[in-house]
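This is what each chain is made of:
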Amino acid sequence: MPKAPFNIQDQYLNQARKEHVRLKVRMMSGETIEGMIKSFDNFCLLLDASGDVLLYKHAIATITAADGSFRLYHHP
């Protein structure tokens, strides 16, 4: 079976979810939402931001750690 291609987006979101990293999500509209990832798929991101917020990925501009300390590590 061929190995799945490396997907940096999934790796970043999954690591942030597992480590309960508080994120700042800036939307294309300019609005910023802060919270932690509960789940995600190819099209959406479920964020715990004082309640569940379902965000469509195509509407997201950037995602960063709220305190700037999160670093992605690579699994070979």
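Relevant structure appears above.
Described in the following lines is the structure provided in the data block. (Residues numbered from 1 in each chain as written. Predicted model: local features only at pLDDT ≥ 70, side-chain atom pairs only at ≥ 80, totals over all residues. Heavy atoms only, no water.)

1. Side note on unusual backbone geometry
Part 1 of the argument: With phi around 55 degrees, H20 is a residue other than glycine that occupies positive phi space.
Part 2 of the argument: By secondary structure assignment, the location of H20 is in the loop between α1 (8-18) and β1 (23-27).
Part 3 of the argument: Backbone geometry at S50 places phi at a positive 55 degrees, although glycine is not the residue there.
Part 4 of the argument: Inspection of the secondary structure assignment puts S50 in the loop between β3 (44-48) and β4 (52-56). (Helix = DSSP H or I, 4+ residues; strand = E, 2+ residues; numbered from the N terminus.)

2. Here we look at a nonpolar patch on the surface
Part 1 of the argument: Residues F6, I8 and L72 make up a contiguous nonpolar surface patch of roughly 290 Å² in combined accessible area.
Part 2 of the argument: Residue placement: L72 occurs in the segment after β5 (60-65). (Patch = residues over 30% accessible without salt bridge, like charges linked within 9 Å, V, L, I, M, F, W, Y side chains within 5 Å. Areas by Shrake-Rupley, 256 points an atom, 1.4 Å probe, with all protein chains shown as cover. Salt bridge = Lys/Arg side-chain N within 4 Å of Asp/Glu carboxyl O.)

3. Here we look at the packing of aromatic side chains
Part 1 of the argument: Scanning the model with the defined rule gives 1 aromatic pair in all.
Part 2 of the argument: Measuring from centroid to centroid gives 5.1 Å for Y12 and F70, while their planes differ by 85 degrees, and the two rings are edge-to-face. One end of the pair, Y12, is in helix α1; the other, F70, is in the segment after β5, with 58 residues separating them in the sequence. (Phe/Tyr/Trp six-rings, centres within 6.5 Å; stacked < 30°, edge-to-face > 60°.)

4. Points about the environment of I63
Part 1 of the argument: Within the secondary structure, I63 is located in strand β5.
Part 2 of the argument: For I63, a relative accessible area of 24% puts it in the partly exposed group.
Part 3 of the argument: In sequence terms I63 and M27 are 36 residues apart; their C-alpha atoms lie 8.9 Å from each other.
Part 4 of the argument: In contact with I63, not counting residues within four places along its chain, are Y12, L13, L23, K24, V25 and L45. (Buried < 20%, exposed > 50% of the residue type's maximum accessible area, 1.4 Å probe, protein only. Contact = heavy atoms within 4.5 Å.)

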